[in-house]
Each structure stands twice: as structure tokens, then as C-alpha cells.
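Residues per chain are reported as follows:
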Amino acid sequence: MEHLRTVADVMTRAAVSVDRGTVFKDIVETMRMWSISALPVLDQDGHVSGVVSEADLLLSTQAPAVDRATTAERLMTCPAVTVETTATIPAAARLMARGHLKRLPVVDRDGRLVGVVSRGDLLKVYLRPDADIGTEIRDLIRLRLLPHGSSDVHVHVDNGTVYLHGSMPEPALEDVVVRAVGSVPGVVDVKADFTVPASA
């Protein structure tokens, strides 16, 4: 299984959107057809101007000045909360959680829509096999963290939880190793039980 690190690795590239001039009825029909609750609204250059959601549509029906010919430009929430393709999966998850959002438009460096990422997409990282996680962690420890003492650190992964035990060259390195291991894609938790040699 490939390493899932950024939004680009998990996003859906066929993003459904509407333009600023799309009217109320057509927005509703697009949402119904694709079974989605929010749509990015694009300008003529493909930039994300805003997002129109079911909540926006429901609120608009209570406004006397709004009718079924009202366009997405008037209905949308802006500025839109978007995420770039290079954003890490944890960063996108935090952004989604803060805004209580189910989906985020994904944009390139120029702000043009290139996809959409959902909560379910972000959770794909946790489907990574334990064996793959273990291999990456051992390589991380052996090649980068403890190149001269990696043989003293033992790694076991069970349902995404990493168990580390063995000896650590010096106490200060334990926190460094635990933090680095916790950042490996697919890791749910890290439990460490290290001993430090008396000479350390």
C-alpha cells in the first residue's frame, strides 16, 4: 500500500462544482444528483470563490429578497475554506475539525479547484497495514534517528498502535523517537518502554 501523506494522496479528483451564475434550482438538482451537501463555487478562471451548502440554501428560503432565480454568487459562503494539495493529512483534518466541515475543496498553488477531500478520504491513512507501518518505523530509526543504536530498539505494531521497547543511548532521545514515530502515517498511538544504560 502506498504511503498516504498529503491531501493529494487521498482526495477525489473529479470534483463537482458550480459557477457563480448557477441558479438555486440547478444547485439543488446538482446536490441531489451527486448526493453531496456542499458545492464549491468557481469564477471564470476556475478559482474557488466560495462554497454553497444545503444550510445556505435553507437560510436563503427565509429571506424575502431571495427567489428561485437567485444565483450561487449570492447564496455562497465566502471566502471558502480550502486546502492545498500539498497539505498534510493531519493539517487537513485539523482544518476540517475546526470548521465542523465534512468536505474541503482542494486547490493548487494558484487557487484553482483540483479536487475535493472528505472526512472519509482522510481516514484512509488508518487502513495502512501494520507490517508497512512497522517497516517504515524500523527504517526511520535505523537510518535517521539512531543509526548507531537502532539494534537496541524493538518495534511491534498492532492495529496502528506502536510498541517500542529496548534501550536508549540517552534519556533525551526517547521523546525525539516517540514524536517521530507518532508522525508516521497510519500510527494511532505510540507506547514506549525504554531503559537507559547505567553509563548514559
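Quick note: structure is the one above.
Residues numbered from 1 in each chain as written. Predicted model: local features only at pLDDT ≥ 70, side-chain atom pairs only at ≥ 80, totals over all residues. Heavy atoms only, no water.

### A short note on the sheet that holds strand E2 (residues 38–42)
Reading across from one edge, E1-E2-E3 is the order of the 3 strands in this open sheet, with mixed pairing throughout. With partners counted over all chains shown, the strands left at the sheet margins are strand E1 (18–19) and strand E3 (48–53), one partner each. Alignment of E1 against E2, held across 2 bridges, turns out to be parallel. By the bridge assignment, Val18 is partnered in E2 with Val41. Helix H2 (residues 24–34) rests against E1, E2 and E3 of the sheet, and its axis sits at about 130 degrees to E2. (Pairing = 2+ DSSP bridges. Helix = DSSP H or I, 4+ residues; strand = E, 2+ residues; numbered from the N terminus. Contact = heavy atoms within 4.5 Å. Axes fitted to C-alpha atoms, helices over the stretch in contact; angles between N-to-C directions.)

### Examining the sheet that holds strand E4 (residues 83–84)
Ordered by their spatial adjacency, 3 strands build an open sheet running E4-E5-E6, and the pairing between neighbours is mixed. What marks the edges here is a single partner per strand, and that holds for E4 and strand E6 (113–118). When E4 meets strand E5 (residues 103–107), the two strands line up parallel, connected through 2 bridges. Paired with Glu84 across the bridge in E5 is Val107. Here helix H5 (residues 89–99) sits on the sheet in contact with E4, E5 and E6, set at roughly 130 degrees to E5.

### Focus: helix H8 (residues 172–182)
Along H8, the residues that are buried comprise Val177, Ala180 and Val181. For H8, the buried positions fall inside an angular range of 95 degrees around the axis, keeping them on one side. More than 90 degrees from the buried face of H8, the exposed residues found are Ala172 and Arg179. On its buried side, H8 packs onto helix H7 (130–145), strand E8 (161–167) and strand E9 (189–195). (Buried < 20%, exposed > 50% of the residue type's maximum accessible area, 1.4 Å probe, protein only. Arc of directions from axis to C-beta.)

### Things to note about the nonpolar core
Residues Ile137, Val162 and Leu164 are the most contacted members of the largest nonpolar core, which totals 18 residues. At the level of secondary structure, the elements contributing two or more residues to this core comprise H7, strand E7 (153–158), E8, H8 and E9. With 4 residues, H7 is the largest single contributor of residues to this core. (Core = buried A, V, L, I, M, F, W, Y, C linked by side-chain atoms within 4.5 Å.)

### A word on the pattern of salt bridges
The final tally for this structure, using the stated rule, is 8 salt bridges. Between Arg32 and Glu29 there is a salt bridge whose closest N-O contact spans 2.5 Å. Placement of both Arg32 and Glu29 in helix H2 is noted, with a separation of 3 residues, approximately one turn of the helix. Across the pair Lys124 and Asp121 runs a salt bridge, and its minimum N-O distance is 3.6 Å. With relative accessibility at 35%, the residue Lys124 sits in the partly exposed group. By relative accessible area, which is 8% here, Asp121 ends up buried. (Salt bridge = Lys/Arg side-chain N within 4 Å of Asp/Glu carboxyl O.)

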